[in-house]
Amino acid sequence: MPSPSPSPSPSPHLGPNPKLKIAYSPCPNDTFVFDAWAHGRVPGAPRLDVTFADIDLTNGWAERGDAPYDVLKVSYAVLPWILDEYALLPCGGALGRGCGPLVLTREAGDAADLAGKTVAVPSERSTAYLLFRLWAADSVPGGVGEVVVLPFHEIMPAVRDSKVDAGLVIHEARFTYQEYGLHALADMGEHWEHTTGLPIPLGAIVAKRSLGEDLLRRLAESARASVRMAWDDPSVSRPYVLEHAQEMDPKVADQHIGLYVNEFTADLGEHGYAAVRGLLTRAAAEGLVPPLGPDALRFP
């Protein structure tokens, strides 16, 4: 296992009830998962100082180590760059089936139509991007052309307005792309599940190794308890979810939660860990990420 690295700006971890700095997205799955914990309803859990940030920001903070966060929601794709400093928690993240990123185009077509074309993606450090690159290597003769990075909320308008030929979208865009008159050319999740039989690894919860093994275990227990409390009474988390859902239709928010919060959120388990290692091993073989060490995913 990688040796612990010191936090650049440590939180007050001493004492029986530490307060930890955490950053996760305002997306419904994250606010649903963390609602009970963030509002002090998980008995014995460390207190949280919450920052909301899109995952492209949290990925960058984790990779550069330039922000004082003890716990972060990041893409699984960024793990190979950060596991010296951060440990992967075995719960709280997003894996699943039938929930992969989509490639959208203005006209219906097939994968061959993307050869040499410009594709907008939300991040080159995202799991969506790794899945896209693995799919393209198998499915697009000669490969795609230019890849441009856009904020995820700008991708569908850019495809609609012919600024790019195609767009890779995530999250609630699965439920709303038809409103932009777009077509789903391919489902990266379907390709991944068909070729591996494994669930789709999307977002991970990581915490500073410098917190120590006992506190890391408390964090995992607290995240798991928060998820289960949200499941026990979803109505309690609803105000928090909708407050931060960026004007999302409540029905779409519910679909979002139903898709991304599942048994793997409570515990990665054997299949979850196999999916994470499978994705990163395949990506390393394509030269997209550094290879993982044999104990890199071990917790704590």
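As the structure is a prediction and not an experimental result, all values here were calculated from the model. (Residues numbered from 1 in each chain as written. Predicted model: local features only at pLDDT ≥ 70, side-chain atom pairs only at ≥ 80, totals over all residues. Heavy atoms only, no water.)

(A) Focus on the overall build of the protein. The secondary structure content of the protein amounts to 12 helices and 11 strands. A compact globule built from 300 residues should have a C-alpha radius of gyration of about 19 Å, and the protein, at 19 Å, falls within 12% of that. Taking the contacts inside the protein whose residues are at least 6 apart along the sequence as the reference set, 81% of them involve residues at least 24 apart. Within the structure as shown, the protein displays about 12,600 Å² of accessible surface, and the carbon and sulfur contribution to it stands at 50%. With 25 positive and 38 negative side-chain charges, the protein shows a separation of 5 Å between the mean positions of the two kinds. (Helix = DSSP H or I, 4+ residues; strand = E, 2+ residues; numbered from the N terminus. Rg over C-alpha atoms; globule rule 2.2 N^0.38 Å. Contact = heavy atoms within 4.5 Å. Areas by Shrake-Rupley, 256 points an atom, 1.4 Å probe, with all protein chains shown as cover. Lys, Arg positive; Asp, Glu negative; His and termini not counted. Charge placed at Lys NZ, Arg CZ, Asp CG, Glu CD.)

(B) Representation of the pairing of strand 2 (residues 47–52) in the model. Of the strand pairs in this sheet, strand 1 (residues 19–24) and strand 2 are connected by 6 bridges, and their pairing is parallel. Residue pairing across strands places Ala23 opposite Thr51, the latter belonging to strand 2. (Pairing = 2+ DSSP bridges.)

(C) Inspection of the pattern of salt bridges at higher detail. Counted according to the given criterion, the structure contains 12 salt bridges. Here Arg64 and Asp66 are joined by a salt bridge, their closest N and O atoms 2.7 Å apart. Look at Arg64 and you get exposed, because its relative accessible area is 55%. Residue Asp161 pairs with Arg160 through a salt bridge whose shortest N-O separation is 2.9 Å. (Salt bridge = Lys/Arg side-chain N within 4 Å of Asp/Glu carboxyl O. Buried < 20%, exposed > 50% of the residue type's maximum accessible area, 1.4 Å probe, protein only.)

(D) Representation of the sheet that holds strand 8 (residues 147–149) in the model. Ordered in space as 8-7-9-6-10, the 5 strands form an open sheet in which the pairing is mixed. A strand with exactly one partner marks an edge of an open sheet, and here the two such strands are strand 8 and strand 10 (183–187). Across this sheet, the average inter-strand angle for adjacent strands is 30°, counted without regard to direction. The pairing of strand 7 (residues 119–121) with strand 9 (residues 166–169) spans 2 bridges and is classified as parallel. Bridge assignment links Val119 to a residue of strand 9, and that residue is Ala166. Packing against the sheet, helix 5 (residues 152–160) makes contact with strand 6 (102–105), strand 7 and strand 9, and its axis sits at approximately 160° to strand 9. Across the sheet, helix 7 (residues 188–196) lies against strand 6, strand 9 and strand 10, angled at about 25° from strand 10, the strand it touches most. (Axes fitted to C-alpha atoms, helices over the stretch in contact; angles between N-to-C directions.)

(E) Local environment of the nonpolar core. Formed by 58 residues in total, the largest nonpolar core has its most connected members in Leu72, Val74, Leu79, Val103 and Trp135. In terms of residue count, the dominant contributor to this core is helix 4 (residues 127–139) (8 residues). For Leu72, the residues in contact, after removing those within four places along its chain, are Ala23, Thr58, Trp61, Ala62, Tyr86, Ala204, Ile205 and Val206. (Core = buried A, V, L, I, M, F, W, Y, C linked by side-chain atoms within 4.5 Å.)

(F) Broad picture of the environment of Pro199. As for its position among the elements, Pro199 is in the loop between helix 7 and strand 11 (200–208). C-alpha of Pro199 to C-alpha of Cys99: the two residues are 100 residues apart in sequence and 9.1 Å apart in space. Sequence-distant contacts of Pro199, defined by excluding residues within four places in its chain, comprise Gly96, Arg97, Trp192, Phe264, His271 and Ala275.

(G) How the structure looks around the packing of aromatic side chains. Tallying each qualifying case throughout the model produces 6 aromatic pairs. For the pair Trp61 and Tyr69, a centre-to-centre distance of 5.0 Å together with 20° between the ring planes defines the contact as stacked. With respect to burial, Trp61 and Tyr69 carry one shared label: buried. An aromatic cluster is built from Tyr24, Phe34, Trp37, Phe52 and Tyr240, whose rings are joined through pairwise contacts. (Phe/Tyr/Trp six-rings, centres within 6.5 Å; stacked < 30°, edge-to-face > 60°.)

(H) Representation of unusual backbone geometry in the model. Of the consecutive residues Phe299 and Pro300, the connecting peptide bond is found in the cis state with omega at 5°. Of note, Pro300 is situated in the segment after helix 12 (269–285).

From the geometry alone we can't say anything about function, so treat these as descriptive.
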